[in-house]
Amino acid sequence: MSVYIQGNADEKMKRFCVNFKAGSGSEADIAFHFNPRFDGWDKVVFNSFQGGRWCNEEKKRSMPFHRGSHFELVFLVTNEHYKVVVNGNPFYEFGHRLPPQMVTHLHVDGDLSLQSINFIGGKEPVRPGGDAGGGGHREGAGGRARAAPRGVPPPYPSVSSLRRAPLCHRPTP
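This is a predicted model, so every value here is computed, not measured.

Caption draft 1: Region of interest: the packing of aromatic side chains. With the rule as written, the count across this model stands at 18 aromatic pairs. With a centroid separation of 5.2 Å and an interplanar angle of 80 degrees, the aromatic rings of phenylalanine 16 and phenylalanine 65 are classed as edge-to-face. Highlighted residues: phenylalanine 16 in strand β2 (residues 16-22) and phenylalanine 65 in the loop between β6 (58-60) and β7 (70-77), separated in sequence by 49 residues. Taken as a pair, phenylalanine 16 and phenylalanine 65 share a single burial class, namely buried. One aromatic cluster in this structure is built from Phe16, Phe20, Phe32, Phe34, Phe46, Phe65, Phe71, Phe75, Tyr82, Phe91, Tyr92 and Phe94. A cation sits over an aromatic face here: lysine 60 above phenylalanine 91, 4.2 Å from the ring centre.

Caption draft 2: Representation of the sheet that holds strand β9 (residues 89-95) within the structure. The strand order across the open sheet formed by five strands is β9-β8-β7-β1-β11, and the pairing between neighbours is antiparallel. Pairing within the sheet leaves two strands with one partner each, and these edge strands are β9 and β11 (112-120). In this sheet, adjacent strand axes meet at a mean angle of 20 degrees when their direction is disregarded. Sheet topology note: the strand β8 (residues 81-86)/β9 ladder contains six bridges and is antiparallel. Residue pairing across strands places tyrosine 82 opposite phenylalanine 94, the latter belonging to β9.

Caption draft 3: Spatial organisation of the pattern of salt bridges. The final tally for this structure, using the stated rule, is four salt bridges. Put simply, glutamate 57 and arginine 37 hold a salt bridge, and the shortest N to O gap is 3.9 Å. With glutamate 57 in the loop between β5 (53-54) and β6 and arginine 37 in strand β3 (residues 29-37), this pair connects stretches of sequence that are 20 residues apart. We classify glutamate 57 as partly exposed; its relative accessible area is 29%. Judged by its relative accessible area of 13%, arginine 37 is buried. Two residues, aspartate 39 and lysine 43, come together in a salt bridge whose shortest N-O distance is 2.8 Å. It is possible to trace a salt-bridge network through shared partners that takes in Arg37, Glu57 and Lys59.

Caption draft 4: Highlighting the environment of valine 74. Looking at the element boundaries, valine 74 is found in strand β7. Residue classification places valine 74 among the buried positions, given a relative accessible area of 18%. Taking C-alpha positions, valine 74 is 5.6 Å from valine 3, a pair spaced 71 residues apart along the chain.

Caption draft 5: The nonpolar core, seen in detail. With 32 residues, the main nonpolar core has Val18, Phe34, Phe65, Leu73 and Phe75 as its most contacted residues. With four residues, the single largest contributor to this core is β7. Once residues within four sequence positions are removed from consideration, phenylalanine 75 is found in contact with Met1, Ser2, Val3, Ile5, Val18, Phe20, Phe32, Phe34, Lys83 and Val84.

Reading the values: rules and limits
- Residues numbered from 1 in each chain as written.
- Predicted model: local features only at pLDDT ≥ 70, side-chain atom pairs only at ≥ 80, totals over all residues.
- Heavy atoms only, no water.
- Phe/Tyr/Trp six-rings, centres within 6.5 Å; stacked < 30°, edge-to-face > 60°.
- Helix = DSSP H or I, 4+ residues; strand = E, 2+ residues; numbered from the N terminus.
- Buried < 20%, exposed > 50% of the residue type's maximum accessible area, 1.4 Å probe, protein only.
- Lys NZ or Arg CZ within 6 Å of the ring centre and 35° of its normal.
- Pairing = 2+ DSSP bridges.
- Axes fitted to C-alpha atoms, helices over the stretch in contact; angles between N-to-C directions.
- Salt bridge = Lys/Arg side-chain N within 4 Å of Asp/Glu carboxyl O.
- Core = buried A, V, L, I, M, F, W, Y, C linked by side-chain atoms within 4.5 Å.
- Contact = heavy atoms within 4.5 Å.

Pasting the structure below:
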């Protein structure tokens, strides 16, 4: 399974995130949190959110994104880890902390403009009636829901709303 994202980093980008979530709610577990941050110590933070708490943060003090520039971001989901590739260059491997089968939503937010999100591979979804087909829904830019293409489906059946939300920040106690 792979997720392929094309977009542009905003000119005044401070941060954005891509979350592989086990549910749609704001308190849902996050199996993989990918979070580039331009904050003086430009870095990319990797983490997971389980049971209402952030886990141990991993970070790489290297910034593969440039403000105002186009990017291509690929997440390869393997049995062992999420492999992150930025603009064709391998960037990081984040070991699974939650089984990838638990992931049901992809949430993208922050200082970027999305051009496309593509889901490649995965299993054929099963419709409630039992027949295989293009079941789930995804929300695209602007929150428009559209049917998922045939053969692209779980484990990531939807893209959550792209409106600004505080998921890129630690919750305040």
